[in-house]
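Observations on the model geometry
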Amino acid sequence: MANILHIDTSPRGERSISRALSYEFITSWKDTHTGDKVTYRDLGHNPVPHVNEAWIAAAFTPPDTHTPELAEAIKLSDSLIDEFIAADRYVIGVPMYNFNIPSTFKAYIDQIVRVGRTFTIDENGYKGLVDSSKKLLIITARGGSFPPGTPFAAYDYQEPYLRAIFGFLGITDVTFIHADSLGAGDEAREKSLAAAKDAIAQAVANW
Ligand SMILES: Cc1cc2nc3c(=O)[nH]c(=O)nc-3n(C[C@H](O)[C@H](O)[C@H](O)COP(=O)(O)O)c2cc1C
């Protein structure tokens with residue numbers, strides 16, 4: 001029985017493709033994995049705050065020295081990290097914005113990447129503290145397409161960044177499904193959506 005953290009990051013509702021596809025994955029998954037528990041976090045509609053000066057001061061000082069102000073500033077980060085670490089698997093729907101992730105998702109990442117909680121530093125350098133057996137599935141929605149081996153690939157700062165930051169925490173089993181070409185006309189869009197749905201069905205069977 002797995003504990004899945006399902007996150008959406010699009011500010012859109014019914015029009016959101018990444019939201020619809022992450023929902024499609026989760027509902028199909030639950031049909032065949034009835035014992036699994038899904039925790040849902042909607043960053044697109046309920047963003048978390050950016051880190052601020054008090055957060056930074058709290059993150060880099062021992063908890064037992066925290067003033068009430070610092071303890072309050074880091075409280076949400078602690079609970080987001082507890083929720084993140086409690087999960088075994090992650091399913092995240094992510095729009096591409098300006099070749100990268102939406103700022104709401106970046107604000108969340110800034111809250112959960114914390115020294116002593118999700119990564120550590122020792123004489124050998126950085127080490128992720130999240131168990132490497134955990135699996136991450138990221139479903140993106142993109143207006144354009146950035147196929148490897150083409151000049152457009154260099155504009156994809158989304159997949160490399162997400163692989164780097166979650167790898168930094170210890171999560172290296174990362175699968176991407178890209179619904180791309182969504183702004184490239186009806187034919188390209190339908191073809192891409194059909195391929196993404198196929199990939200979702202495959203992932204439900206094999207993930
Ligand atoms: C602010 C903004 C920036 C965008 N930037 C890009 C981009 O850099 N590359 C791209 O391929 N599509 C871009 N798009 C298109 C979105 O990725 C596309 O509409 C996608 O479907 C959005 O995800 P959603 O449907 O889940 O809301 C952008 C859309 C918006 C609103």
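Computed from a prediction, not measured in an experiment: that's the story for all the values here. (Residues numbered from 1 in each chain as written. Predicted model: local features only at pLDDT ≥ 70, side-chain atom pairs only at ≥ 80, totals over all residues. Heavy atoms only, no water.)

**Here we look at the nonpolar core**
Selection rule: To form a nonpolar core, buried Ala, Val, Leu, Ile, Met, Phe, Trp, Tyr and Cys residues must be joined to one another through side-chain atoms within 4.5 Å. Categorising residues by exposure relies on relative accessible area from a 1.4 Å probe, with only protein chains included: less than 20% of the type maximum marks a residue as buried, more than 50% marks it as exposed, and the intermediate range marks it as partly exposed. Counting from the N terminus, the helices are DSSP H or I runs at least four residues long and the strands are E runs at least two residues long. Note on contacts: a residue pair is in contact if any heavy atoms of the two residues lie within 4.5 Å.
Grouped together as the largest cluster of nonpolar side chains are 29 residues, with contacts concentrated most on F84, F105, Y108 and F166. Elements represented by at least two residues in this core include exactly β1 (3-8), α3 (68-86), β3 (89-95), α4 (103-112), β6 (135-141), α5 (158-169) and β7 (173-179). Ranked by residues supplied to this core, first place goes to α4 with 5 residues. With sequence-adjacent residues up to four places away left out, F105 is seen in contact with T9, L43, I92, V94, L162 and F166.

**Digging into the environment of F60**
Considering the arrangement of structural elements, one finds F60 in the loop between α2 (53-59) and α3. Along the sequence, F60 and L169 sit 109 residues apart, while their C-alpha atoms lie 17 Å from each other.

**Observations concerning the site of the ligand**
Counted only if it meets this: Whether a residue is near a molecule or strand depends on its heavy atoms: if one lies within 4 Å, it is near. In protein, a polar contact means a hydrogen-donor-capable atom and an acceptor-capable atom, both N or O and within 3.5 Å, with residues adjacent in sequence counting only if both atoms are side-chain atoms; elsewhere, any N or O pair within 3.5 Å suffices. Per-residue and other accessible areas were derived by the Shrake-Rupley procedure at a 1.4 Å probe size, with only the shown protein chains allowed to occlude residues. Think of it as three bins: nonpolar holds Ala, Val, Leu, Ile, Met, Phe, Trp, Tyr, Cys and Pro, charged holds Asp, Glu, Lys and Arg, and polar takes everything else, Gly as well.
In the vicinity of the ligand lie 17 residues, with S10, S16, S18, M96 and G144 positioned nearest. M96 is positioned such that a nitrogen or oxygen atom in its backbone is 2.7 Å from an oxygen atom of the ligand. With respect to the ligand, the backbone of F99 contributes an N or O atom lying 2.7 Å from an oxygen atom. For the ligand, the accessible surface in isolation is 620 Å², of which the surrounding protein chains cover 72%. Residue classes in the shell around the ligand are distributed as 8 nonpolar, 6 polar and 3 charged.

**Focus on helix α1 (residues 17-32)**
We apply this condition: Here the expected length of a helix is defined as 1.5 Å per residue gap, with one fewer gap than residues.
In this model, α1 (16 residues) spans 23 Å end to end at C-alpha, consistent with the 22 Å of a helix rising 1.5 Å per residue. Of the positions making up α1, those classed as buried are I17, S18, R19, L21, S22, F25, I26 and W29. In this structure, the buried side of α1 is in contact with β1, β2 (37-42), β3, β6, β7 and α6 (186-206).

**Examining a nonpolar patch on the surface**
Stated precisely, the cut-off is as follows: Surface patches are defined over residues having more than 30% relative accessible area and no salt bridge, joining like charges when they lie within 9 Å and nonpolar side chains (Val, Leu, Ile, Met, Phe, Trp, Tyr) when within 5 Å. Think of a salt bridge as a Lys or Arg side-chain nitrogen and an Asp or Glu carboxyl oxygen that are within 4 Å of each other.
Taken together, the side chains of F99, F152, Y155 and Y157 define a hydrophobic patch exposed on the protein surface, amounting to about 440 Å² of accessible area. Tracing the backbone shows F152 in the loop between β6 and α5.

**A closer look at the sheet that holds β6**
Defined as follows: Strands are labelled as partners when DSSP assigns at least two bridges between them. Here an axis means a line fitted to C-alpha atoms, over the contact stretch when the element is a helix, while the angle between two N-to-C directions is reported on a 0 to 180 degree scale.
The 5 strands are arranged β2-β1-β3-β6-β7 in an open sheet whose pairing can be described as parallel. Both edges of this open sheet fall to β2 and β7, since each of them pairs with a single strand only. The mean angle between the axes of side-by-side strands here comes to 15°, regardless of whether they run parallel or antiparallel. Here β1 runs beside β3; their pairing, made up of 5 bridges, is parallel. Paired with H6 across the bridge in β3 is V91.

**Looking at the packing of aromatic side chains**
The criterion, for reference: Two aromatic rings, drawn from Phe, Tyr or Trp (for Trp, its six-membered ring), form a pair once their centres lie within 6.5 Å of each other, and the interplanar angle then sorts them: stacked below 30 degrees, edge-to-face above 60, tilted otherwise. Whether a charge sits over a ring depends on NZ of Lys or CZ of Arg being within 6 Å of the ring centre and within 35 degrees of the ring normal.
One pass over the structure, following the stated rule, counts 12 aromatic pairs. With a centroid separation of 5.1 Å and 50° between ring planes, the pair formed by F99 and Y155 is classed as tilted. Remark: Y155 occurs in the loop between β6 and α5 and F99 occurs in the loop between β3 and α4; sequence separation between them is 56 residues. Site record: aromatic cluster; members linked through ring pairs are F84, Y90, F105, Y108 and F166. Sitting above the plane of the W207 ring, R89 keeps its charged end 4.7 Å from the centroid.

**Things to note about the packing of α3 against α4**
Quick note on the threshold: Under this scheme an angle from 65 to 115 degrees is roughly perpendicular, one under 35 degrees roughly parallel, and one over 145 degrees roughly antiparallel; angles in between are oblique.
Relative to each other, α3 and α4 sit at 90°, their axes nearing to 8 Å. In terms of orientation, α3 and α4 fall into the roughly perpendicular class. Along its contact with α3, which presents S77, L80, I81 and F84, the element α4 presents Y108, Q111 and I112. When grouped by side-chain class, the residues that make up the contact of α3 with α4 number 5 nonpolar, 2 polar and no charged.

**Quick notes on the pairing of β3**
Along a regular strand, successive side chains alternate from one face of the sheet to the other. For β3, a buried count of 7 out of 7 residues is recorded, marking the element as mostly surrounded by other parts of the structure. The alternating pattern of β3 places R89, V91, G93 and P95 and Y90, I92 and V94 on opposite faces, both of which are buried. As judged from the 7 bridges shared by β3 and β6, these two strands associate in the parallel manner. Looking across to β6, one finds that Y90 is bridged to L136.

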